[in-house]
Amino acid sequence: MRQAGFRILREESYRALWKGHLPAQCLSAVYGLAQFRTFEFCTKYIHLNVTVSGKPVTDFLCGGLSGAMGTLASMPFDTVRTRLVGQGEPKIYKGMVQAVTLMVKQEGIFSLYKGLTPSLLQIVPQTGVQFASFRLFTSFYWILLGKDKISKETKLPLVGNLICGSLAGLVAKVVVYPLDLTKKRLQVQGFEEARLHFGRVTKYSGLFHCLRRTVTEEGFRAIYKGLLPSMLKAMVTTGLTFMFYEEICYIFIQTGLFKQK
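Structural notes, computed from the coordinates. Note that this is a predicted model, so its numbers are computed, not measured.

### Focus: the packing of aromatic side chains
Within this structure, the stated rule accounts for 8 aromatic pairs. The interplanar angle of 10 degrees and the centroid separation of 4.1 Å between the aromatic rings of Phe134 and Phe242 together place this pair among those described as stacked. Here the residue Phe134 occupies a position in helix α5 (residues 116–144), and Phe242 occupies one in helix α8 (residues 227–255), the gap between them amounting to 108 residues. According to the relative accessible area criterion, Phe134 is buried, its value standing at 1%. Seen in terms of ring centroids, Phe220 and Tyr224 are 6.3 Å apart; in terms of plane orientation they differ by 55 degrees. Their pairing is tilted.

### Side note on the nonpolar core
Membership of the largest hydrophobic core comes to 15 residues, with the highest contact counts inside it found for Cys62, Phe131, Phe134, Leu156 and Cys164. For this core, the secondary-structure elements that each account for two or more residues are α2 (21–49), α5, α6 (158–187) and α8. Setting aside anything within four residues of it in sequence, one finds Cys62 in contact with Phe39, Cys42, Thr43 and Ile46. Counting residues in each nonpolar core, the second largest holds 8 residues, with Tyr93, Met96, Ala99 and Met103 among its members.

### A short note on the pattern of salt bridges
What the rule picks out here adds up to 11 salt bridges. Here Asp78 makes a salt bridge to Lys183, at a shortest N to O gap of 3.0 Å. Separated by 105 residues along the polypeptide, Asp78 in helix α3 (residues 55–86) and Lys183 in helix α6 bring together distant segments of the chain. Like Lys183, Asp78 is buried. Between Glu218 and Lys225 there is a salt bridge, with the nearest N and O atoms lying 2.6 Å from each other. A network of salt bridges, in which partner residues are shared, links Asp78, Arg81, Lys173, Asp180, Lys183 and Lys184.

### Re the environment of Thr237
Mapping Thr237 onto the fold places it in helix α8. C-alpha of Thr237 to C-alpha of Ser28: the two residues are 209 residues apart in sequence and 9.9 Å apart in space. A distance of 2.8 Å separates a polar side-chain atom of Thr237 from the backbone oxygen of Lys233. Within the local environment of Thr237, its side chain forms a polar contact with the backbone oxygen of Ala234, the two atoms lying 3.5 Å apart.

### So, the environment of Tyr245
Take Tyr245: it is sitting in helix α8. Assessed through its relative accessible area of 14%, Tyr245 is described here as buried. Through-space distance from the C-alpha of Tyr245 to that of Phe36 is 8.7 Å; in sequence the pair is 209 residues apart. Setting aside residues up to four positions removed in sequence, Tyr245 forms contacts with Phe36 and Glu40.

### Thoughts on the packing of α6 against helix α7 (residues 207–218)
Interhelical geometry of α6 versus α7 gives an angle of 105 degrees and a closest axis separation of 10 Å. Judged on the interaxial angle alone, α7 and α6 are roughly perpendicular. Facing Pro178, Leu179, Thr182, Arg185 and Leu186 of α6, the residues of α7 in contact are Leu207, Cys210, Leu211, Thr214 and Glu218. The residue makeup of the contact of α6 with α7, split by class, is 6 nonpolar, 2 polar and 2 charged.

Thresholds, definitions, all that
Residues numbered from 1 in each chain as written. Predicted model: local features only at pLDDT ≥ 70, side-chain atom pairs only at ≥ 80, totals over all residues. Heavy atoms only, no water. Phe/Tyr/Trp six-rings, centres within 6.5 Å; stacked < 30°, edge-to-face > 60°. Helix = DSSP H or I, 4+ residues; strand = E, 2+ residues; numbered from the N terminus. Buried < 20%, exposed > 50% of the residue type's maximum accessible area, 1.4 Å probe, protein only. Core = buried A, V, L, I, M, F, W, Y, C linked by side-chain atoms within 4.5 Å. Contact = heavy atoms within 4.5 Å. Salt bridge = Lys/Arg side-chain N within 4 Å of Asp/Glu carboxyl O. Polar contact = N/O pair within 3.5 Å; in protein donor to acceptor, adjacent residues only side chain to side chain. Axes fitted to C-alpha atoms, helices over the stretch in contact; angles between N-to-C directions. Parallel < 35°, antiparallel > 145°, perpendicular 65-115°, else oblique. Nonpolar A, V, L, I, M, F, W, Y, C, P; charged D, E, K, R; others polar.

Laid out in structure tokens, this is it:
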């Protein structure tokens, strides 16, 4: 990770660290909105209409479905971001709007959804594990504080939500990382000329072909390339997401803007 950071700074300048920043922000906003809205709707529906044994099961099912909806809504931003980050010199795409225009014109509208299958296979268990493990870690956190029975009015401290969210993001990322790597490799298919600067360009026909060739040609450890920075990112983003989400929900509940289930 350190070597990659130094090479990026040396060869592309510090601005390269923010490649694809605009579509990444659009991705985060759209995905987060769709994910948490779906999660709230599903958990409310299940609690009112379905009998499920165990809250972790409910959190996993609702979390997985909410992740799928968030992915479907935000996938074009994810694909564009990956291409902006992955292109070399000379650059083909100068920005998000131009990238979308060229991709649709040259490859069709469905090019914006390249890698959708591994994305869904990745995100459903990932978000399911995130929500389920977050609730599990919060329970452990209360036990460590010596509080076994928690009332509905009890609020976990900010640092508690941050720690539990970070651990949930870490666990979920490690579980599904091979699918994450496969998704990104499929997303950069179609503009190989922009990546010739990086060396050999391999073409993949699909999810299983990509996994098979990666393991065969690069070894089993290759499906975990980039795991460390991805883990750090997952811990930070997931921790902050759950911290702010729980805090905002608590504020809404206290002010009467949101009814607690």
